[in-house]
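What follows is each chain in one-letter form.
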Amino acid sequence: MKDKVDLICAHDMNVFINRQLIYNYPEQLFADKGIMAIEHADFDGIERLALVTGGEIVSTFGHPEMVKIGKCDLIEQVQIGDETLLKFTGVPLGEACSVVLRGATEQIIGEAERSLHDALCVLTSTVKEPRTVYGGGCSEMVMAKAADELASKTAGKEAKAMESFANALRQLPSIIAENGGYDSAQLV
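Quick summary incoming for the structure in this document. (Residues numbered from 1 in each chain as written. Predicted model: local features only at pLDDT ≥ 70, side-chain atom pairs only at ≥ 80, totals over all residues. Heavy atoms only, no water.)

Turning next to the pattern of salt bridges. Scanning the model with the defined rule gives 6 salt bridges in all. A salt bridge links D6 to K33, with the nearest nitrogen and oxygen atoms 3.2 Å apart. With D6 in helix α1 (residues 2–9) and K33 in the loop between α2 (24–32) and β2 (36–38), this residue pair connects regions lying 27 residues apart in the sequence. Looking at K33, the relative accessible area reads 44%, which means it is partly exposed. Of the charged contacts in the structure, one is a salt bridge between E76 and K87, with a shortest N-O distance of 3.9 Å. In this pair, E76 sits in strand β3 (residues 74–80) while K87 sits in strand β4 (residues 83–89), placing the two residues 11 residues apart along the sequence. In this structure E76 comes out as partly exposed when scored by relative accessible area, which is 30%. On the accessibility criterion, K87 (40% relative accessible area) is partly exposed. Within the structure, one salt-bridge network assembled from shared partners comprises K2, D6 and K33. (Salt bridge = Lys/Arg side-chain N within 4 Å of Asp/Glu carboxyl O. Helix = DSSP H or I, 4+ residues; strand = E, 2+ residues; numbered from the N terminus. Buried < 20%, exposed > 50% of the residue type's maximum accessible area, 1.4 Å probe, protein only.)

What follows is about the side chain of E140. Checked against the element boundaries, E140 lands in helix α5 (residues 138–152). Only 3.2 Å separates the side chain of E140 from the side chain of S139, close enough to count as a polar contact. Other than its neighbours up to four places away in sequence, E140 contacts L169 and L172. (Polar contact = N/O pair within 3.5 Å; in protein donor to acceptor, adjacent residues only side chain to side chain. Contact = heavy atoms within 4.5 Å.)

As a rule of thumb, nonpolar side chains are buried together in soluble globular proteins. If you look at the biggest cluster of nonpolar residues, it comprises 11 residues: V5, I8, C9, M13, F16, I22, L29, F30, I35, A37 and F61. If you list the elements that add at least two residues to this core, you get α1 and α2. Per-element tally for this core: the top contributor is α1, with 3 residues. The residues touching F61, leaving out its near neighbours within four places in the chain, are K4, L7, I8, H11 and F16. (Core = buried A, V, L, I, M, F, W, Y, C linked by side-chain atoms within 4.5 Å.)

Honestly, it's all geometry; don't read function into it.
What follows is the structure, encoded as structure tokens:
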């Protein structure tokens, strides 16, 4: 056990993160060498952490010269409710964040998680494709204007039908606002 700890410590680091349990003896050996040992890290979290700190995940420790060690400015323990979390700040390769969702029931947390996922998907799509189509009834108002202009050039019953269609299109933004829970008189 001591030999393995010595191999790990040869990597010239001050924090060792492991996905498995670290027993008391190896943990004491790490502490004696001034290395903080973190155990039970989840695999997804380790992958993200390696990505933003610039390090790599290592399973064998025989060649420290071939290993890229990650860096961050500060690691601190944060208490959120009943949970104790580790917060890594000052990562060199880009910015990363964690969002903590809390709620009274699992249904509320699930809904908040789905909403956050939807928002992140919209953000990702907007970054990939910055061109946007105006929403909230904009296209309906443009179509209503075109129908009114065409109705003013048309005679007879067809003109009346076009005007009615344009009026119906003008009502859609109010309907959209009310369906969204907004006061349409204030918005439109």
